[in-house]
Amino acid sequence: MEEYKSLKIIQISPNSRVYYLYLNRSGQLNALSRDFFTEFPKAISSLDQNPNVAVIILAGSGKHFCSGIDLQTVSDGLEETNSPDCGRKVERLRRHIKFLQEAITAIECCRKPVIAAVHGACIGGAIDIITACDIRYCCSDAFFSVKEVDLAITADLGTLQRLPSIVGFGNAMELALTGRRFNGSEAKELGLVSTVFTSKQALEEGVKVVAEEIATKSPLAVIGTKAVLLKSRDLTVEQGLDYVATWNSGALLSDDLKEAISAYSQKRKPKFAKL
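Nothing here was measured: the structure is a model prediction, and the numbers come from that model.

Using the criterion set out here, one finds six aromatic pairs in the structure. Each ring, one from Phe36 and one from Phe40, has its centre 4.8 Å from the other, and the planes form 25 degrees; the classification is stacked. Here Phe40 and Phe36 lie together in helix H1 (residues 34-49), a separation of four residues that amounts to about one turn. With relative accessibility at 1%, the residue Phe36 sits in the buried group. Taking the relative accessible area as the measure of exposure, Phe40 reaches 0% and is therefore buried. A connected cluster of aromatic rings, assembled from ring pairs, spans Phe36, Phe37 and Phe40. Over the aromatic face of Tyr22 sits the side chain of Lys8, whose NZ or CZ is 5.4 Å from the ring centroid. Cation over ring: Arg181 sits above Phe143, and NZ or CZ is 3.6 Å from the ring centre.

What follows is the structure, encoded as structure tokens:
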């Protein structure tokens, strides 16, 4: 398995199809470096293409999930735009921002579910990351902030596009304009996280149970559910129904449906082929 400077991949147990992807710069509070934006889409893609992986848990090593984008990464992006021509400066800066965006969007491009397990700080760019994840959990010590406005930046890696559909437009506007800090219980009330666990250990154990349960299900049904839900955000109900009809017209021909029906009738757990 490839080694990364900013990340670490761990299989949850030898026979498990659940893998942890850790943000692994604990000494820098897992701040998102230039290495992260290069390595993260590669790591996500490698897990997506690995048939032994069914579910990915995204977590942070050390005391915090992620303190946001490393300011050196921002500075480097501005320096790269150094040109006497204004038009070329703008084009290079736009390309740099798109490069950073693509790393976060890799989570949605991944066919397999990505579950965020948040402890400690989840600030700025970390909100971009978790809003792209499919399910979010945290523990009671977690705290959140859409911090970019305090750094004289308009959040540009996905929070302003994804957060409103998760917590509602008005709540997203208030959080983004104030940059205020909010805790896990408020995150749960807003719908940003599904459950708040009492401790980091309880978070790890609880998320493991959820991930292992998802990993037992038909991989075609799981990736289809993720794909259709993401696609349906941008479609009318009628268009969404048409999309899922097209999707299932192919997927229902797989052996997974036969196995699910057979297992149900025989009162046993189904066994599905890897994807």
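Sheet architecture is open: three strands sit in the order E5-E7-E8, paired in mixed fashion. In the strand order of this sheet, the two ends are held by strand E5 (121-123) and strand E8 (182-183), each with one partner. Examined bridge by bridge, strand E7 (residues 143-145) and E8 share two bridges and lie antiparallel to one another. When the bridges of E8 are listed, Phe143 appears paired with Asn183. Helix H4 (residues 125-132) rests against E5 and E7 of the sheet, and its axis sits at about 90 degrees to E5.

Cut-offs applied
- Residues numbered from 1 in each chain as written.
- Predicted model: local features only at pLDDT ≥ 70, side-chain atom pairs only at ≥ 80, totals over all residues.
- Heavy atoms only, no water.
- Phe/Tyr/Trp six-rings, centres within 6.5 Å; stacked < 30°, edge-to-face > 60°.
- Helix = DSSP H or I, 4+ residues; strand = E, 2+ residues; numbered from the N terminus.
- Buried < 20%, exposed > 50% of the residue type's maximum accessible area, 1.4 Å probe, protein only.
- Lys NZ or Arg CZ within 6 Å of the ring centre and 35° of its normal.
- Pairing = 2+ DSSP bridges.
- Contact = heavy atoms within 4.5 Å.
- Axes fitted to C-alpha atoms, helices over the stretch in contact; angles between N-to-C directions.

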